[in-house]
Structure formats: structure tokens, C-alpha cells
Amino acid sequence: MAGPADQRDSGSGSALRAVFEQLRSAHTLSLTLSSPLCLAVIALDRYLSVQHPAAESYSYDLTVTDGRWRIKCQLADNLSQWVRTSSLRCGAGVLVSQLSIVHDETRLSHSYVRIDSIHSVVELPERFLSMKDVGSIPEWCQDHVTRSDGPLQLSRKYYLPLWINDDPYGSVWIPYSPPPDVVIDVSRITLLADLEAFFHSSRRPLPLLVRILHRSRIWYYGKPGQNIGFPFQVYCEVADQSGVMSMVVWNDLCPEWFNRLTVGSVLYLQQYSLKHSYQNRSRPHIRTLSLMTFRSIEISLNPRSPASVVTVIPPKSVQPQWSLPDVPYNFATRSEVDSMNNNQACDIIGLVTYVGRVERIRSKEKTGPEKFWAYRWVHAVDGTTDSPFILEIFSSSQPEIFNNICPMTYLVCTQMRVCQTGCSVYLTSSTETQLFITGCHKKQPYVNEPKVKAFIQWTKTLKDSVMLRRTAVGGHYCYPPAPPTFTPTTNSNNEPITAVADLKGELESLQYREHRRVAVQGYVAAVQYHTWPPRPETPLSELQEGVSVRVVRDTGAANPPSTVEEMTLTQREMDSTSPDSDITVSPKRRRVQTGSRGVHRQYFTRSKMQSNRQAGLTSHEEEEEERRDEGEIESEESEVEDEHTSVRQSPVGKEIVQTLQVPDVQQAASPPTALWESRVWPSVKQQVTDHFCCGRLDQESVPEKFHFDDREVLLHHLNLSPARWTPDLTSHTHTPVACTGYFTLTILGLKQMAAVDVLFVPVVSPDDPRAAGVPHSQHDNSLLSCISTGRLCVQPDGSCPTPGSLMSSAPQLESERVVCIVDLCLLGERRVEMICSKLYGTTDICQPDGTQ
């Protein structure tokens, strides 16, 4: 056992270097530290694992620093879950407890350090916060062979983006540069229409002169154990005067050429191959060109056998006599989209008014390593109607644009597809979609399109201050809304019904910013209303109608209750509730001071509480046991804390809470302003084994106003966690858009053995981005109607119903069998978002045969 503290005053002055020097000089290849070494994570890199396919699909290298030296280490495969859930992220501190040195016996003088054990992830100590340029910190290399820009496992030549596979990433991808002047011989070229003859003969085809009309995003087809240097593919639609044909760029040529093969570019191709066309893929819609499309064969550009030669012709050198077709566009205004056919392709231009956070969905591909698609929701207006374009934009292999979409920018999206579901219409991007924002429009082929010019003229009539008031970013957003009735086999979003107890598996498998929608059925056992943002006291004036709902005042404790406290108090609330009452009073909750530390707030069971009562323990004895266990927790935490370090993830006493390895929920909710419980809940919840609690509403779940001064910080929060740490980003003031409170719904499973708490945040204002594109039919403002429609109806006097009036209708939920549509998202840092997006009452649930 060795500890870094003894080495802090060594000649190097660096605990990091001292530990690694000690590791290299040790007789064994592994070193266990007596006290964890606190390091800052400044870079995270991902690459395809070289192990057997049954092992982890991806491996990770992380660059860490002690402030004086930095070093790139490999993360042991059994620790990769820390990265996949974004618990281990750039800008965090990590307490390393075990390291080893790995030698590559197949290469000379190549070894690297592997982190084998992590005690916890922590807030960065104060000494790291003064760092401004982490790139200037000297790097300590284990040997002269180590590549700073490539994986430590030298059999891999490239890194992948941290969260998805379809973006160009790393120095191997050559950036765009204007094509140089060239001289080409166009006297001996062939046309696309003549390639069929070459394909069926042994003659090598002549050179081609074509224009790129469309380009796909990158497709990565790497698999563990595969021996292909760069398993990438990109296809383009190219055209000449005779027609249109697909061109596929393979492997090593993708990093070399992808950024330079832009839409509209003219190419001179030599030594290409011809192959049968792959039919089972999407294709762009090209309806405005009166040219033949050749789909039986395709052009293949390969790095070898033969090595294709690609030449990009500068725009000024393109000659009219070549008769190359212009890039076709089909721009549509917002007023025209409603009348377009489902799946019809169009191009749009608009002024962005809302930008959602980037989320991920899991690919449905059954072969190869797991893959995710990144997407975000965007609203844009074009002045032809009051309604915005509602855009579902997936990553288009243009990260410099996708990650910088923000309000008040001019956005162009090509090859969008119309999606019509019920009364909802939105546009989703396709494989061939290209994105352009302000700063990228100059010299693009579409600038002379009539509808683009008309849009630019409209924007000249706008006042920035007026439009800025209509902007928003972030928050929970999901579109289209669920259909009005629920049928398990025909619901539009195809959500399978999940047993409440099975949510454990759903939560365990969630990865960072992964969005998943599930449907659960059961009964509404309890409803709580919380004001938001949380405030110490809630005025009595917020409760009206004479309802027997008591106001529960928060005495202003500095920290929210721990999960341990929340669980035990919930049990005591149960004991203090009259089984005959419809609306109950929630007693003031006891607060446990946790200082700056957090605790594991995870999925938990009540089995310990039940066993205590079976053993005859009184409430006083239970509290004494809690305090003993809490003392043990604090003493265990103190062993790994130093004067600079605040541990985020601390152990939880097993005698109090049984935890599972699922993502942590947000801080416990503040005491409710109003509470209703069903008649059966006080007695049934003693038998509930699994209760999934969502805690308080997370700030990241609420949309906020956009401010130009905070643009960089806002984009940082909206985008996925970066692969590089940027120390100089500061915090900003979160200005919510029309959110004054939310509900916590407790859904009890039909078997009465499991329950789940989900949050419902009603739409109360047209400024809320969720109000766009949703029918605004009137309803009676009962609680069930509000949760079913997702919004509150404005009353004749222009006000919204009070929490008291809403809760007065809660008894209607008694014994009402419901289906709840729940949106799950792991926000990172062990925070899980569980939002109710739709609640179906008994009359809205259809059986598979169509009966209700």
C-alpha cells in the first residue's frame, strides 16, 4: 500500500508524477493507494474496444492532472459505466485508489497506465479552479511511443466522439479547405448514363465529372475484433447532364475527404469502381430535376485496389459547357407544411425561437456494438403563420453547426421529412439533411431561391427586442403529444406497457441523456403539489375554494432531506394519516443536514421499515437507528475527504436503505403545498416493496429564457457533456419560462407491490415551448383533465386555476385505473428525469380489440 501524501513534497512537487514513478519502479504491475489521489479530469476519449465482442463495446482513455502535470490513462473496462452515465465527466474530480501499468508485448517500448479502481467522483478542489489553460500543463509520457492524439491501445488508429458515432472527431479528420487551382483533361470523360456498359465489361471506366447534390451523414460500421483501420462510410448523390447516381466513399477516404465533399462541389473522379447498388437504404427525394436516376449500380471510392483519385474543382474553374445541373431545392413555408403529404421531403428556412437540449435514443440495430443517435427539438418561424416549424433534428455529422444552433439565428434545413400524426405536424431530419446557421449561408447554392429571399425581406421588418422575448431554451420537451386514446398495439409512439416493478431494469440500463418513453398502468395513489422554484413559505392565498388541504410550511433548512430521511418520514406520514380521509395533511418533515455532500438517492425499498415494525421497533427506536447509521455514514465519508474535497457520492447505510445500481434521482422534493392520498394508499404502502422516487423538479427540466450574454454557457448546458474541459465557463441565472409549480403523482401498480413517483409540469402559458403545435381545446380544469391534456385552461378572468381548486377534484382519481406515459431521461451526475407526459383515464383506454 502506498499513499500520495508522502510524495507531495518530493523534488517534482507533483503527487501525480510521484505516484506514477513509484508505480514504474515497483516490483509488481499494480499499485493500491492507502488514501485516494484526487485528480481533475480534463479529457475523455472513446474508441472501439479491441477485446472479444462479448466484452465491453467501447474503451475509454482519460487525461487527468494534479495541476502540475497531466497524463493520459486508460480506464479499466469494468469502470466504463462511470462514463456512460456521465458520473465521470470532464471538469470533475476523481479519487483514484488503484492503478496498474500495462505493457504491450507486441510492440517495442510501449506501455501505459490504467486506472483500475475509483473511490468516487468529487467536486473539484479549490486549487484546480484557478487553472485557465489546461493545454499548457506539461504532459508526462510513459514512453516515447505514446501518441497524444490517438488511443493508448495502438491497434486503434482513431477516437470516436464521446457520445455518438456519426460525427467526424479528432485530428485524423482533415478539415475543410478551399480547393486549389487544378488543371484537368475533360476531353476523355464519360457520362453516368454510360457506366452500365462499363460495369458489364472488363474495361476500366473513364474519368467522371460530376456535382454533389446530396451528402449523407457518416455511417460507422466498426465491430470489436474487426481488422479494418477506418470502418466508415459516406454516400453522396452525384449528377451530370445525363442523370443522377449514388457514390459511396469507403474507409480511409472518409477522414480524408468527408469535410471537403460539400454539397454543390464539382468532382473529377478517376480510378473508381462500380458495384451493384445497395437497395436497402434511404435516398433523398429529388423531384425538381428532370434527370434520370440510375439505381442499379453505384460508384465506389476506395483507398486501395484500386486507390481512387478525387479532385475537387474550384467554383471559379467550373465551366458552363460542362452542363452540370444545379443543386435542387424544394423550400416550403410554414403555411404550406400543413397541406403536405406525410413523409414528403422539403427544405425550410426560419428564425430560431426555441432550442431544446441534446438527447440520445438507442439505435435499434441488432448487430454490432450499441449505438445512439443524438437529436434536439427546435422551433423556427418564417412569418407566413403564427405557428413555428417544429423540427426534430438529428446529428448530421456537422457538429460545429448542430451544437451551435441557438435562438435568433437563421436556420436552413434541407431534406426534412413531413410527419403527420393526428392533428400534429412536425418535420424530422433525414440521413441526407444538411444544416446551415448564421455565418454559414454565404455562397451556399440556396441563397438565390425565391423563398429564401422572401424570408430575408421579412426579417428586415422585425425588432430584435420583440423576437428575443419569444425565445427559450432547454427543458423537458417531447413531441408529438400522445394520442387521445391508448391502445397497446396501435398507440402512435408504440410504447409497450411496462410493469411498475420492471422500471428497475429501465432505470439501470439508462445511459447519459438517453431518452426513453414507457407506459405504466395502475392507480393514482397520491398527488402532491409543489411550488417552483422552491421557496421557504407558501402563502395561504394560493389555496382557495375551501378545500381541506393544509399548507405545509418549509422552515427554510439549508439542504433538502436525504433519501434516508425522506423514506422514513414517508412511512411516518402513513401512520399519521386517517384511513377514512380523502385529502390528508402532510406533517412537517424533519431535515437532515448533509453539508455540501450529496448522498446516494437511488431506487430503494421499504423492506427494512417493514422488518423494523415486525420486530416491534417503535418510531423513536427507528429514529435512533437512523441516527446511528447516519453517524456511520458521516464517519466513513470523512475518511476519504480532505480539506479541499467535497465527495458527491457517499456510501449509504445498508441497514436503512437497500440500494441498487441505478441512476440517482435529483434532490428530495421540498415539502408539498398540497397533498391528496387515496383511501387505500395509507394501508397499501406498507406492503409496497419497490418505490421509485423522482425527488424534486430539476432545473434542467424547465425551459428558460435566452440571453445573448449567456449564449456560450447556455449552449454548454444544452449540448452533451464535452470531451474536453473548458475551465473558464461561468454559471448563469436560470430564468424559467412560465413555471410556477408542479405535481408529483404516485402511481401504484395493479399488483400493489410497486409504486413510482412521476412529475407532471403543466403548461400554463403560451410562452412555454410545449404549447406549440398542441390543440387548445377547453376542459373543466379538473386534475384529471389537466394531466390528460398536459395544460391548464385559462379562466374567464384571465387567470389560471389555483392549486387548491385543482386538488379539490383529486378525489375523482379514487379507484381510477390509469395508464401513465412516462418520459425517462438520465440528465447526468446521477439525476434521473421522470416526467408524466400523458395520463389516460379508464374511458380513454382501449383494449386491443377496440373495446374500452
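Structure: see above.
The rules behind these values
- Residues numbered from 1 in each chain as written.
- Predicted model: local features only at pLDDT ≥ 70, side-chain atom pairs only at ≥ 80, totals over all residues.
- Heavy atoms only, no water.
- Helix = DSSP H or I, 4+ residues; strand = E, 2+ residues; numbered from the N terminus.
- Buried < 20%, exposed > 50% of the residue type's maximum accessible area, 1.4 Å probe, protein only.
- Contact = heavy atoms within 4.5 Å.
- Areas by Shrake-Rupley, 256 points an atom, 1.4 Å probe, with all protein chains shown as cover.
- Salt bridge = Lys/Arg side-chain N within 4 Å of Asp/Glu carboxyl O.
- Phe/Tyr/Trp six-rings, centres within 6.5 Å; stacked < 30°, edge-to-face > 60°.
- Polar contact = N/O pair within 3.5 Å; in protein donor to acceptor, adjacent residues only side chain to side chain.
- Pairing = 2+ DSSP bridges.
- Arc of directions from axis to C-beta.
- Axes fitted to C-alpha atoms, helices over the stretch in contact; angles between N-to-C directions.

### Focus: the overall build of the protein chain
Piece 1. Looking only at helices and strands, one finds 17 helices and 29 strands in the protein chain.
Piece 2. For the protein chain, the proportion of its 852 residues judged to be buried stands at 58%.
Piece 3. The long-range share in the protein chain, meaning contacts at least 24 apart out of those at least 6 apart in sequence, stands at 74%.
Piece 4. Total accessible area on the protein chain stands at roughly 36,000 Å², and carbon and sulfur atoms take up 49% of it.

### Considering the pattern of salt bridges
Piece 1. Under the defined criterion, the tally for this structure stands at 26 salt bridges.
Piece 2. Notably, a salt bridge pairs Arg-724 with Asp-45, separated by 3.1 Å at the nearest N-O pair. With a gap of 679 residues between them, Arg-724 in the loop between helix H15 (711-718) and strand S26 (741-749) and Asp-45 in strand S1 (residues 30-48) connect regions that are remote in the sequence.
Piece 3. For Arg-711, the salt bridge goes to Glu-712, with nearest N and O atoms at 2.8 Å.
Piece 4. A residue is classified by how much of its surface remains accessible, and Glu-712, at 49% relative accessible area, is partly exposed.
Piece 5. Taken together, the shared-partner salt bridges in this structure form one network comprising Arg-362, Glu-370, Glu-506, Glu-514 and Arg-516.

### A few points about the packing of aromatic side chains
Piece 1. On inspection of all chains with the given rule, the structure shows 27 aromatic pairs.
Piece 2. Summarising the aromatic geometry, the rings of Trp-163 and Tyr-512 are spaced 4.6 Å apart at their centres and angled 50 degrees between planes, so their arrangement reads as tilted. Taken together, the residues Trp-163 in the loop between helix H3 (126-129) and helix H4 (195-199) and Tyr-512 in the loop between helix H10 (503-509) and strand S22 (515-531) connect sequence positions 349 residues apart.
Piece 3. Of the residues examined, Tyr-512 reaches a relative accessible area of 4% and is grouped as buried.
Piece 4. With centroids separated by 5.5 Å and ring planes inclined at 50 degrees, the aromatic side chains of Phe-486 and Tyr-840 adopt a geometry described as tilted. Taken together, the residues span a long stretch of sequence, with Phe-486 in the loop between strand S21 (472-473) and H10 and Tyr-840 in strand S29 (residues 831-840) at a distance of 354 residues.

### Topic: the side chain of Asn-165
Piece 1. Locating Asn-165 in the fold gives a position in the loop between H3 and H4.
Piece 2. Classification of Asn-165 as buried rests on a relative accessible area of 8%.
Piece 3. At 3.0 Å, the side chain of Asn-165 and the side chain of Tyr-58 are in polar contact.
Piece 4. What Asn-165 contacts, discounting residues up to four positions off in sequence, is Arg-46, Tyr-58, Leu-160, Tyr-220, Glu-370 and Lys-371.

### Here we look at the environment of Asp-185
Piece 1. Among the secondary structure elements, Asp-185 is positioned in the loop between H3 and H4.
Piece 2. Taking relative accessible area as the criterion, Asp-185 reaches 43% and is therefore assigned partly exposed.
Piece 3. Separated by 83 residues in sequence, Asp-185 and Tyr-268 place their C-alpha atoms 9.5 Å apart.
Piece 4. Here the side chain of Asp-185 touches Ser-187 through a polar contact of 2.5 Å, side chain to side chain.

### Looking at the pairing of strand S13 (residues 309-313)
Piece 1. Most of S13 is tucked away, with 4 of its 5 residues classed as buried.
Piece 2. Relative to S13, strand S10 (residues 266-270) runs antiparallel, the two sharing 5 bridges. When the sheet's bridge partners are listed, Val-266 is paired in S13 with Ile-313.

### Observations regarding the environment of Val-758
Piece 1. Turning to its location among the elements, Val-758 is positioned in strand S27 (residues 754-760).
Piece 2. Val-758 sits 65 residues away from Asp-823 along the chain, and the two C-alpha atoms are 9.2 Å apart.
Piece 3. Residues contacting Val-758, with those up to four places away along its chain left out, are Cys-694, Phe-743, Thr-744, Leu-745, Ile-747, Cys-820, Val-822, Met-834 and Cys-836.

### Some thoughts on helix H8 (residues 450-459)
Because each turn of an α-helix spans 3.6 residues, side chains separated by three or four positions in sequence point in the same direction.
Piece 1. Buried within H8 are the following residues: Val-452, Phe-455 and Thr-459. End-on, the buried residues of H8 take up no more than an arc of 60 degrees, which puts them together on one face.

### Overview of unusual backbone geometry
Piece 1. Each neighbour pair has its own omega, and for Ser-305 with Pro-306 the value is -10 degrees, a cis peptide bond.
Piece 2. With respect to the helices and strands, Pro-306 occurs in the loop between strand S12 (293-301) and S13.
Piece 3. In the segment running from Tyr-479 into Pro-480, the intervening peptide bond is cis, with an omega of 0 degrees.
Piece 4. Summarising the element assignment, Pro-480 is placed in the loop between S21 and H10.
Piece 5. If you check the backbone angles, Ser-815 has positive phi at about 65 degrees while not being a glycine.
Piece 6. Relative to the helices and strands, Ser-815 resides in the loop between helix H17 (803-807) and strand S28 (817-828).

### Observations regarding the sheet that holds strand S5 (residues 111-122)
Piece 1. Strand order in the closed barrel formed by 5 strands is S1-S2-S3-S5-S4, with mixed pairing between adjacent strands. Averaged over all pairs of adjacent strands, the angle between strand axes in this sheet comes to 55 degrees, irrespective of strand direction.
Piece 2. Inspection of the sheet shows strand S4 (residues 93-103) paired to S5 by 10 bridges, in the antiparallel sense. Bridge pairing links Leu-95 to Ser-120 in S5.
Piece 3. Each of S1, strand S2 (58-65), strand S3 (70-75), S4 and S5 is contacted by helix H1 (residues 15-25), which is oriented at about 100 degrees to S1, the strand it contacts most.

By themselves, these observations are geometric and do not establish any function.
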